Each structure stands twice: as structure tokens, then as C-alpha cells.
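A closer look at the structure
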Amino acid sequence: MRAMMIHGPDFDGVRLNEVPVPVPGPHEVRIRMRAATLNYRDLTRVWLFKPGAAPFVLLSCGCGEVEAVGDAVTRFKVGDRVAPTFFPDWLGGPQDNALLKRNLGNTVPGTASEYMVVGEQAAVHAPATLGDLEVATLPCAALTAWRSLFCVRATRPGDVVLLLGTGGVSIAALQLAKAAGAVTIITSSSDAKLARARALGADLTINYRTTPQWAQRVRELTGGAGADVVLDVAGGETTAQAAEALRSGGTMANIGLVAGERGKSSGRQDIDHPFIRVGSRADFENMNRAIVANRIRPVIDEVFELEELGRAMKVLSEGRVFGKIGIRIR
Ligand SMILES: NC(=O)c1ccc[n+]([C@@H]2O[C@H](COP(=O)([O-])OP(=O)(O)OC[C@H]3O[C@@H](n4cnc5c(N)ncnc54)[C@H](OP(=O)(O)O)[C@@H]3O)[C@@H](O)[C@H]2O)c1
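Within each chain, residue numbers correspond to sequence positions counted from 1 in written order. Local features in this predicted model are restricted to residues of pLDDT 70 or higher, and side-chain atom pairs are both shown and tallied only at a pLDDT of 80 or more, whereas totals for entire chains, interfaces and linings draw on every residue. Note that water and hydrogens are dropped before the side-chain values are worked out from all heavy atoms of the structure.

As annotated in an unreviewed UniProt entry, the protein is NAD(P)-dependent alcohol dehydrogenase from Ramlibacter henchirensis.

Below you can see the structure in the form of C-alpha cells.
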């Protein structure tokens, strides 16, 4: 079967390999993958390339059809459409580092292949309202947004949700927050992307390039109060401004590092700083119910073929993308 594996520390090192089709054990299912999506973390697998770990199958997010099941499998049958979970061992309950060691496209083979085998506990049924590429946007980016908004806090109608940039996590969060009746403020380096965000329902927008003191602008837009929650996907120097934009008692979901180091202290003692690690299988299933009930359609900006994964990763690294990049697996 075809699998896209990493061989070197640049996007040309992401290459097609022919490898044996994996055979499921008694409690495992084999999935014929149909779609995958990229996340920023996949770029870091290239930038922080570890020769000792290569080659391995990239990507954490995908969707496909169960085409073989082990003898003891009860959760799925042949023909079910499924998405593998990001952390195969985190089924539910609180975040526990012991359950996070195995994660797709990093410590276990990822979704960038024609077939993959996972334990029957490590997949969820795909929401019937979504196409394969749309389902493939959910396991990491959307679930991270869901967990930040509805698991580590309870975002309520009328809450002001601040989102940074228009990448995969932020756009999924925009859709989920709007569905929950929140007021959304989103930032971007691009006015064209902000226009697209408004078309998706963003209430207020700020260009963080032309308005470098964007936290102050958030305060003005909220009558001085500040936002209730911010999803900090940027880290670095951005974290201090993200905290400045929050009201006392607000929540800063500590998620990412596109602008620097993750997890820098904001210096504020009067806000929550939950450290987010995607989400559990139970969180994923809860989110899927909300996606179906609210008719949410994930945003896919560009689609590439499996063999074009290296080129797709380069496009993501250039910051051109709004929402997600999809990978079609024929
Ligand atoms: N902790 C977790 O569980 C978890 C899960 C998922 C992702 N993450 C992390 O979260 C981050 C975002 O992931 P993603 O997949 O959504 O990335 P992505 O799709 O590649 O989006 C990145 C976006 O970040 C925006 N950006 C860049 N520099 C910025 C800055 N200085 N201030 C504000 N926005 C900026 C850009 O938006 P514009 O083009 O609109 O300016 C860019 O499109 C990554 O660091 C990723 O590793 C963490």
C-alpha cells in the first residue's frame, strides 16, 4: 500500500513508500483511509526531524471506511465510516499524561496511508452529515477548540470568545462558539481572511498587523470589560496580549506556539490557564453530536492528493491557509 513517510528535515523528505498492508489483531480494525488533513504540528515533525525515529507515517487526522475487523471486535463492523482518535489510549476522563504517550503521526503511525490498523477503542463513528474530508478536520483541530470552549470551561451564550489567527483550530472554534451563541472576535494578519471570517459569522475582527495593540482594541470592543475566553494558539509574545484582552476570571486556553514558545506565563493570577492537549474519545463523540445538531460544516481551503503531501505541508507553512488543508486518499 501507499504511505507518505518522513525521511529528512525538509518537505522534500516527505516521500511515498510502498509498505505491506497492516493486518488487524483480534481487537483491531483495518480502515481504508479516504481523507486526511494537516495540522501545524505535522510541520514540526519536519522542522524538529529526529533521524532515529524516521521513517514513519505522518499526520494525525483522517477518515475512512472499516474494511476488516478482528474476531473480537464489537464496536465496529465492515463498512462503518470512522475517524481514528488522536490519542488512542485517552478514552475519557481528565487529561492524564500517561494516556497521551501514544499519538498518531508521531509515536504511532499516522493517517497518511491507504490503510491503517487501530484498536477498536481508538476510533469514533464519523458524523453522517459530513463528507470524508470534513470528518478528517475533526480529530485534532476541532477537538482542541471543543475542549477549550466546552470541557475546561463552559462557554455560554453571550460570552465573548477571542480567537487568534484564522488557522485550523481558530476557525473550528469560531464555528463552535457561534453555534453556542457566543460573541466572537477573531484576529488575522490578512483583511481578506477577516472578510471570510465575517462571512462565517465572526462578530468582530481585528487585523493584528495593522493594529499591533490588538488587546486594547478587544477592550474597546467589549466596552472595557475584556473577553471571557481566549484560545492562545500563538504563544510567545502573543500570550501577554491575549491575557491583557481577558476579563478578570476569564480563561486562557493554552494551546499553541505559532508565534513563539508555548506556555509562557501571562503574569496574571486572576485568570485560568488550562493547558490543552487535544481531547479524549468521549470529548470527540460529544463534539460530533454538537456538529450534527448545529449543521456545522468544517472549512477546507485547499485539497491535495496523498502523493502531494510534502507540497501541501509547504503551503501550510507559508501561512496562506484559512481553516484546513485536506488530503484526498484514492
Ligand atoms: N495543545 C493542543 O492540543 C493543540 C492542538 C492543535 C493545535 N495546537 C497548536 O496550535 C497552534 C495552531 O494550530 P493550527 O493547526 O490551528 O495552525 P494553522 O492551521 O497552521 O494556523 C496557523 C495560523 O496562526 C495564525 N498566526 C500566525 N502567527 C500569529 C500571531 N503572531 N498571532 C496570531 N495568529 C497568528 C495565522 O493566522 P492568519 O493567517 O489569519 O494571520 C495562521 O494561519 C499550533 O502551534 C499547533 O501546534 C495545539
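**Some remarks on the domain arrangement of the protein**
Convention followed: Bear in mind that the domain bounds are from an automatic or database domain assignment. Contacts between residues were defined by any pair of non-hydrogen atoms, one from each residue, lying within 4.5 Å. Note on definitions: buried area is the accessible-area loss of two parts on being combined, 1.4 Å probe, summed for both.
Assigned domains of the protein: these are domain 1 (2-139 + 279-328) and domain 2 (153-254). Domain 1 and domain 2 are separated by 28 Å when their C-alpha centres are compared. Contacts between the two partners involve 13 residues from domain 1, matched on the other side by eleven residues from domain 2. With both chains or domains summed, domain 1 and domain 2 bury close to 960 Å², and 64% of this area falls on carbon and sulfur atoms.

**Notes on the site of the ligand**
Threshold: Residue proximity to a molecule or strand is established when one non-hydrogen atom of the residue lies within 4 Å of it. In protein, a polar contact requires one atom able to donate a hydrogen and another able to accept it; more generally it is a pair of N or O atoms within 3.5 Å, and residues adjacent in sequence count only if both atoms are side-chain atoms. Shrake-Rupley sampling with a 1.4 Å probe provides the accessible areas, and residues are treated as covered by the protein chains on show and by no other component. A cavity, in this analysis, means grid points on a 1 Å lattice covering only the protein atoms where a 1.4 Å probe fits yet has no way out; a pocket is instead an open set bounded by protein on both sides within 12 Å along at least five of seven lines, and a residue lines either one if it has an atom within 4 Å of a point. Molecule-in-pocket calls rest on the fraction of atoms, with more than half required to lie within 2 Å of the cavity or pocket grid points. Strands are runs of DSSP state E lasting at least 2 residues, helices are runs of H or I lasting at least 4, and numbering of each runs from the N terminus. As a working rule, the residues Ala, Val, Leu, Ile, Met, Phe, Trp, Tyr, Cys and Pro are called nonpolar, Asp, Glu, Lys and Arg charged, and the rest polar, with Gly in that last group.
The environment of the ligand is formed by 28 residues, the closest being T166, S188, S189, Y208 and V278. Take Y208: an N or O atom from its side chain is 2.6 Å from an oxygen atom of the ligand. Between the ligand and I255, the relevant distance is 3.0 Å, taken from a nitrogen atom to a main-chain nitrogen or oxygen of the residue. In isolation the ligand exposes 930 Å². Once the protein is present, 87% of that is buried. Among the cavities detected, the one that contains the ligand is the largest pocket. Of all the secondary-structure elements, those providing two or more residues to the shell around the ligand are helix 3 (138-151) and helix 4 (168-179). Counted by class, the shell around the ligand contains 15 nonpolar, ten polar and three charged residues. Here the shell around the ligand spans two domains, since at least three of its residues come from each of domain 1 (2-139 + 279-328) and domain 2 (153-254).

**Remarks on the sheet that holds strand 8 (residues 160-164)**
Our working definition: Strands are treated as partners if at least two bridges between them are detected by DSSP. In this analysis, axes come from line fits to C-alpha atoms, helices being fitted only over the stretch in contact, and the angle between any two N-to-C directions falls in the range 0 to 180 degrees.
The five strands lie next to each other as 10-9-8-11-12, forming an open sheet whose pairing is parallel. One side of each edge strand has no neighbouring strand; the edge strands of this open sheet are strand 10 (204-207) and strand 12 (246-254). For this sheet, the mean inter-axis angle between neighbouring strands, taken without regard to orientation, is 20°. Relative to strand 9 (residues 183-188), strand 8 runs parallel, the two sharing five bridges. Residue pairing for strand 9: L164 is matched across the bridge by T187.

**Comments concerning the environment of R295**
Counting through the fold element by element, R295 comes out in the loop between helix 8 (281-293) and strand 13 (300-305). R295 sits 179 residues away from M116 along the chain, and the two C-alpha atoms are 29 Å apart.

**Regarding helix 5 (residues 191-199)**
Each α-helix winds once per 3.6 residues, and so residues spaced three or four apart point in a common direction. What counts is decided by this rule: In this scheme, a residue with accessible area under 20% of its type's maximum is buried, one over 50% is exposed, and one in between is partly exposed, where area comes from a 1.4 Å probe on protein chains only. The arc in question is formed by the directions pointing from the helix axis toward the C-beta atoms.
Looking only at helix 5, the buried set comprises K193, L194 and A197. All buried residues of helix 5 fall inside an arc of 100° around its axis, so they share one side. In helix 5, the exposed positions that point more than 90 degrees away from the buried face belong to D191, A192 and A199. Contact partners of the buried residues in helix 5: helix 4, strand 9 and strand 10. Immediately beyond the C-terminal end of helix 5, within one or two residues, lies G201, with a positive phi of roughly 115°.

**Thoughts on unusual backbone geometry**
Cis geometry marks the peptide bond from A54 to P55; its omega dihedral reads -10°. Along the chain, P55 turns up in the loop between helix 1 (40-47) and strand 4 (61-69). Backbone geometry places R295, a non-glycine residue, at a positive phi of 50°. Classification of R295 by relative accessible area gives exposed; the value is 70%.

**Topic: the nonpolar core**
Test applied: In this text, buried Ala, Val, Leu, Ile, Met, Phe, Trp, Tyr and Cys residues form a nonpolar core when linked through side-chain atoms within 4.5 Å.
In this structure, L149, L162, I186, L231 and M287 are the most contacted members of the largest nonpolar core, which totals 66 residues. With eight residues, helix 3 is the largest single contributor of residues to this core. Of the residues that make up this core, three or more belong to each of domain 1 (2-139 + 279-328) and domain 2 (153-254). Once residues lying within four places of it in the same chain are set aside, the contact partners of L231 are A145, S148, L149, L162, L163, L164, V169, A173, A253 and I255. Formed by 40 residues, the second largest nonpolar core is a distinct cluster that contains I6, V46, F76 and I325.

**Topic: the packing of helix 3 against helix 4**
Rules: Working definition: roughly parallel below 35 degrees, roughly antiparallel above 145 degrees, roughly perpendicular at 65 to 115 degrees, and oblique for all remaining angles. Take the far helix as the reference: if the near one is turned anticlockwise from it by less than a right angle, the crossing is left-handed, and if turned clockwise, right-handed.
One way to put it is that helix 3 packs onto helix 4 with a least axis distance of 8 Å and a crossing angle of 50°. If you check the angle between helix 3 and helix 4, you find them oblique. Like other packed secondary-structure pairs, helix 3 and helix 4 cross with a definite hand, here right-handed. Within the contact between the two elements, helix 3 uses A141, A142, T144, A145, W146, L149 and F150 and helix 4 uses G168, V169, A172, A173, L176 and A177.

**Thoughts on empty space enclosed by the protein**
We apply this condition: Grid points are joined across faces, edges and corners, and a volume is the space filled by probe spheres set on the points.
Per the counting criterion, the structure on display carries one cavity of 30 Å³ or more. Within this model, the largest cavity holds a volume of roughly 120 Å³. Every residue lining the largest cavity is counted, 15 residues in all, and those nearest its centre are T137, A142, A172, Q175 and P298. Going through the elements one at a time, helix 3 and helix 4 are the ones with two or more residues in the lining of the largest cavity. Of the residues in the lining of the largest cavity, the class split is ten nonpolar, four polar and one charged. Both domain 1 (2-139 + 279-328) and domain 2 (153-254) contribute no fewer than three residues apiece to the lining of the largest cavity.

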